[in-house]
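Here's the letter readout for the chains.
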Amino acid sequence: GATGTVNYDLLTSAIILQTTDALANFTLNVRGNATTTLDSVMSTDESMTLSFINQNGATAYVPTIIQIDSVPTTVNYSGIGVGAGTPNGYDSYTYNIIKTAAATFAIFGSRVGYL
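Worth saying up front: this structure is predicted, and the values here are computed from it rather than measured. (Residues numbered from 1 in each chain as written. Predicted model: local features only at pLDDT ≥ 70, side-chain atom pairs only at ≥ 80, totals over all residues. Heavy atoms only, no water.)

**Student:** Help me get a handle on the sheet that holds strand β3 (residues 26-31), residues and values and all.
**Tutor:** Hydrogen bonding along the main chain pairs the strands of a sheet, whether they run parallel or antiparallel. In spatial order, the strands read β1-β3-β5-β6; together these four strands make up an open sheet with mixed pairing. One side of each edge strand has no neighbouring strand; the edge strands of this open sheet are β1 (4-9) and β6 (71-72). As defined by bridge partners, β3 adjoins strand β5 (residues 63-68) across five bridges and the pair is classed as parallel. Note that in β5 the partner of valine 30 across the bridge is isoleucine 68. (Pairing = 2+ DSSP bridges. Helix = DSSP H or I, 4+ residues; strand = E, 2+ residues; numbered from the N terminus.)

**Student:** Break down the side chain of asparagine 29 for me, with residues and values.
**Tutor:** Within the fold, asparagine 29 resides in strand β3. Here asparagine 7 takes part through its side chain, which lies 2.9 Å from a polar atom of the side chain of asparagine 29. Reaching out from asparagine 29, the side chain makes a polar contact with the backbone nitrogen of serine 70 at a distance of 2.7 Å. Aside from chain neighbours lying at most four places away, what touches asparagine 29 is Thr5, Val6, Asn7, Tyr8, Gln67, Ile68, Asp69 and Ser70. (Polar contact = N/O pair within 3.5 Å; in protein donor to acceptor, adjacent residues only side chain to side chain. Contact = heavy atoms within 4.5 Å.)

Distances and angles like these do not, on their own, reveal function.
In structure tokens, the structure reads:
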């Protein structure tokens, strides 16, 4: 289950489904892979989209920090934002990442809860 820092390698996966309950709020670190930065993979004005589906038990946990290449990055969430999560269900987070300049990204995110 999600806890601590979860590395999301966009060169490997566009969708990640966590199949065990999250253990705590967590940081989602988006990168190319363990040896490649997302910054080096993307050109300015390019975009990538990812989905992270988090499973929750009785206590719902959420991503509290989104990083790109280990750098915290502001997310522009639709509606109320990340919210409180869905107890005993799943939360599907979709992030549209646009590279606006070298090592500079705009992120647009949304969350949908499922029981």
